[in-house]
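Examining the three-dimensional arrangement
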Amino acid sequence: MIYDLHSHTTASDGSLSPTDLIARAVEKGVDVLAVTDHDGTEGLAEAKQAAAAQGLTFIPGVEISVTWESHVVHIVGLNVDVDNQTLQQGLAALRAERFGRAEEIARRLDKAGIPGALDGAREYASDVMLGRLHFAQFLVAAGKAKDIRDVFKKYLVHNKPGYVPGTWATLEEAVGWITAAGGQAVIAHPARYKMTATKRRKLVEDFKDAGGVALEVVSGKQDLEEVRMLAALAEKYDLLSSCGSDFHSPTQHWLELGKLTPFPENCTPIWSTWR
Ligand code: AMP
Ligand code: MN
Ligand code: MN
Ligand code: MN
């Protein structure tokens, strides 16, 4: 069985519609797919329908933006009830924060000599969510850098003209909303954050105290050393293991749906707790 428990659609910053994402997952041999858009669940109804039609097991999910000790951290929720009001109220606040941040990003880019970025970024986004990747797409099209990676480095990360960190949910809120909605909270791509090993353990401890249950031990394009390190971390804190590609677009050819390293043997897959 191939599980891919982290992916994006046009309901956040992915380039495929939920229906097209499901079709691609089937084509790539994925058996169980979680759709986990940033700070929203708008793509899930369509994804659920498409998955039922195409014989793929669908897991409703979300990826929540968190500010923790001045770091931005992502918490994935799996098997969430999308009708849960606590979850939806929390996500609505984050989306409002996103639109406010987008205005500020555009103001700063304007000051840096790049006008029209807000409308420009909107061209690449749905109505429900605006993120840095949409600004990146606009900036590449405007000829400001050769590709997305380059544009992030030049404009959209810490200390660059278009960087606005945003103030997101607390760790306790994010885990609380997911748990209130009957879901399981997972720290997304824990090796990607620029923090020391000590700090990462502190994050895991705070996450566990808040009710979090799993680490994303395997994520797309990750070396074996990191996988082993995260498996050991999950074992140390008695956490379950999740895996997900974090697929956004077919143009990111180095990162494909279902293309994931198997877990090391000491891992307990999160799906072992599922009926
Ligand atoms: P946001 O949540 O709006 O701050 O944007 C974060 C998203 O931007 C991530 O989920 C990725 O989709 C994208 N992203 C961040 N850094 C990079 C990068 N260096 N290259 C490509 N995409 C990136
Ligand atoms: Mn993204
Ligand atoms: Mn993420
Ligand atoms: Mn993601």
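Focus: the domain arrangement of the protein chain
The domain boundaries assigned to the protein chain delineate domain 1 (3-90 + 167-273) and domain 2 (95-156). For domain 1 versus domain 2, the separation of C-alpha centres amounts to 24 Å. Listed as interface residues are 13 residues of domain 1 and, on the opposing side, ten residues of domain 2. Approximately 1100 Å² of surface area, both sides summed, lies buried where domain 1 meets domain 2, with 50% of it carried by carbon and sulfur atoms. Of all residues in domain 1, the largest losses of buried area upon contact with domain 2 belong to D13, E42 and W168, amounting jointly to 41% of the total for that side. One can count two salt bridges joining domain 1 with domain 2. Between R95 and E42 there is a salt bridge; the shortest N-O distance is 3.5 Å. Here domain 1 and domain 2 share seven residue pairs in polar contact (both at pLDDT 80 or more) between them. Here the residues of the side of domain 1 that touches domain 2 are counted per class, giving three nonpolar, seven polar and three charged.

Regarding the site of ligand 1
Inspection of the region around ligand 1 gives D13, H38, R98, R101, G131, R132, L133, I148, F152 and H248 as its neighbouring residues. H248 is positioned with one of its side-chain polar atoms (N or O) 2.9 Å from an oxygen atom of ligand 1. If you list the elements that add at least two residues to the shell around ligand 1, you get α3 (85-111), α5 (132-141) and α6 (148-156). When the residues that make up the shell around ligand 1 are grouped by side-chain class, the tally is three nonpolar, three polar and four charged. Counting contributing residues per domain, the shell around ligand 1 is built from domain 1 (3-90 + 167-273) and domain 2 (95-156), each supplying no fewer than three.

Thoughts on the packing of aromatic side chains
Scanning all chains against the criterion turns up three aromatic pairs. Aromatic pair Y3 and W271: ring centres 3.7 Å apart, planes at 5°, arrangement stacked. Taken together, the residues span a long stretch of sequence, with Y3 in strand β1 (residues 3-4) and W271 in the segment after β7 (240-244) at a distance of 268 residues. Accessibility expressed as a relative area gives 15% for Y3, which makes it buried. By way of ring pairs, the aromatic residues Y3, F263, W271 and W274 are connected into one cluster.

Looking at the sheet that holds β7
Pairing within the open sheet is mixed, and its seven strands lie in the order β1-β2-β3-β4-β5-β6-β7. Each edge of the open sheet is held by one strand with a lone partner, namely β1 and β7. The sheet contact formed by strand β5 (residues 184-187) and strand β6 (residues 214-219) spans two bridges and is parallel. Across the sheet, V186 pairs through a bridge with A214, a residue of β6. Its contacts with the sheet place helix α9 (residues 224-236) against β6 and β7, and it is angled at close to 165° to β6.

Procedures and definitions
Residues numbered from 1 in each chain as written. Chains lettered and ligands numbered in written order. Predicted model: local features only at pLDDT ≥ 70, side-chain atom pairs only at ≥ 80, totals over all residues. Heavy atoms only, no water. Domains from an automatic or database assignment. Contact = heavy atoms within 4.5 Å. Buried area = accessible area lost by both parts, 1.4 Å probe. Salt bridge = Lys/Arg side-chain N within 4 Å of Asp/Glu carboxyl O. Polar contact = N/O pair within 3.5 Å; in protein donor to acceptor, adjacent residues only side chain to side chain. Nonpolar A, V, L, I, M, F, W, Y, C, P; charged D, E, K, R; others polar. Near = heavy atom within 4 Å. Helix = DSSP H or I, 4+ residues; strand = E, 2+ residues; numbered from the N terminus. Phe/Tyr/Trp six-rings, centres within 6.5 Å; stacked < 30°, edge-to-face > 60°. Buried < 20%, exposed > 50% of the residue type's maximum accessible area, 1.4 Å probe, protein only. Pairing = 2+ DSSP bridges. Axes fitted to C-alpha atoms, helices over the stretch in contact; angles between N-to-C directions.

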